[in-house]
Structures are given as structure tokens and as C-alpha cells.
Amino acid sequence: AYKTLATIRADINNFVSDGKNLLIYSQNCGNGKTEWAKKLLLSWFNSIWAGTPFKCRGLFIFMPNFISASKENLSKTNEDYTYVMENIYEADLVVWDEINYKSWTDYESELLFQIISQRIAKGKSNIFTTNYDLNTITNKLGPRLSSRIIGSSELIEFKGADRRADNKMKGIK
């Protein structure tokens, strides 16, 4: 998994320009999925910063915050959510962290389906992270959304243990 991610990182420009997608998944939390997604996004930014017009080229979306902001925005304008929605369809690369941290309501599922489907149709790159296996992803996201994500993505499974818990336990004696 790490070798594949390092290869993608070394050639991030082609990954993004080819509109590729990536699903990094594991049943274990704390084993580096989000960190690798961030590394890839930062590699993308590093490769394009010089000479890039002033526009949003990438987004990191932590799903619990995004869903909360989308609901808040229904009654009162949420500036962060507005910014994301103004840029989400055109950003070259979007990281969707914790894509299915919970089962979605019909509203949430439809919102995600519309956004992700349009991004994929436009050839925009996405990186998804989740703490579930492929069957659970399908059960939680539903067949339409999971088919879009799994069917369009290179799948990378992390099998390592929770390093955050390991590191915390090392400090306890």
C-alpha cells in the first residue's frame, strides 16, 4: 500500500490531470489513511503553486464538519460551507476524509451523490478515506454512492494497527 501511494505521490500531476480517484480504507483507525491523503494533497499543491492563477485547486473535507456545516447553512449562512460549495465542482483534487463515518440521511446521501457524481463526470480527482471494509462501505453509503466511489477508484487497504494508540501507550508507564 505504501509503495503504491509513494508512486502516486511522485507522479501526483498525472494522477490529478488524468482525473484519477483513490479510496484508502482500513478497518483500523489511526494507521495513516488521513496522513497519506494529506501528503498527496500537499504534494499536489507543492507541484502547482508556482504560476497557479488565484483559484481553488484543492480541498480537504473532513466529513463530520462538512455535514454539520451543510445543515447549519440551511438556516444561517455558513461561510466555510459556502466557500467549499463555490469551489467543490472545479477544484482539481478533493480529499474526502472519513467519507462514511456514519450512515447518511436521505438529504446527506443525495448531497454527496450529486457532488461526487458531478466531480467524477467532470474528470476531477478525489481521494476518499474510511475506517470500513468494502462491504460496510457499500452498506453505509448505499449502492449508488458506493458504486461511484468504489467503481471509479484505485483501492488501497491499510492493514496496520492504530499507531496513535500505540504511541500513547508508550508514554504511559
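Check the entry above for the structure.
Quick summary incoming for the structure in this document. (Residues numbered from 1 in each chain as written. Predicted model: local features only at pLDDT ≥ 70, side-chain atom pairs only at ≥ 80, totals over all residues. Heavy atoms only, no water.)

## Examining the environment of Ile-150
Within the element layout of this structure, Ile-150 appears in helix α8 (residues 143-152). Once residues within four sequence positions are removed from consideration, Ile-150 is found in contact with Leu-23, Leu-134, Ile-137, Thr-138 and Leu-155. (Helix = DSSP H or I, 4+ residues; strand = E, 2+ residues; numbered from the N terminus. Contact = heavy atoms within 4.5 Å.)

## Section: the pattern of salt bridges
Two side chains carrying opposite charge are able to pair once their charged atoms lie near each other. The tally for this structure, following the rule as stated, stands at seven salt bridges. For the salt bridge of Glu-108 with Lys-102, the shortest nitrogen-to-oxygen distance reads 2.9 Å. Classification of Glu-108 as buried rests on a relative accessible area of 0%. Among the ionic contacts, a cluster of salt bridges with common partners joins Arg-57, Asp-92 and Lys-124. (Salt bridge = Lys/Arg side-chain N within 4 Å of Asp/Glu carboxyl O. Buried < 20%, exposed > 50% of the residue type's maximum accessible area, 1.4 Å probe, protein only.)

## Some points on the packing of aromatic side chains
Under the counting rule described, the total for this entry stands at six aromatic pairs. Look at Trp-96 and Phe-128: their rings are 6.5 Å apart centre to centre, the planes differ by 15 degrees, and that puts the pair in the stacked class. You can see Trp-96 sitting in strand β3 (residues 93-97) and its partner Phe-128 sitting in strand β4 (residues 125-130), a full 32 residues away along the chain. Here the basic side chain of Lys-39 rests over the ring of Trp-36, its NZ or CZ set 4.6 Å away from the ring centre. Here the basic side chain of Arg-144 rests over the ring of Phe-113, its NZ or CZ set 3.8 Å away from the ring centre. (Phe/Tyr/Trp six-rings, centres within 6.5 Å; stacked < 30°, edge-to-face > 60°. Lys NZ or Arg CZ within 6 Å of the ring centre and 35° of its normal.)

## Some remarks on the nonpolar core
Membership of the largest hydrophobic core comes to 29 residues, with the highest contact counts inside it found for Ile-61, Met-63, Phe-66, Ile-88 and Trp-96. Contributing elements (two or more residues each) for this core: β1 (21-25), β2 (58-62), α4 (63-75), α5 (79-87), β3, α6 (106-121), α7 (134-141) and α8. It is α6 that contributes the most residues to this core, five residues altogether. Aside from chain neighbours lying at most four places away, what touches Met-63 is Trp-96, Asp-97, Glu-98, Ile-99, Tyr-101, Trp-104 and Leu-112. Of all hydrophobic cores here, the second largest spans 18 residues; its members include Leu-22, Ala-37, Trp-44 and Leu-93. (Core = buried A, V, L, I, M, F, W, Y, C linked by side-chain atoms within 4.5 Å.)

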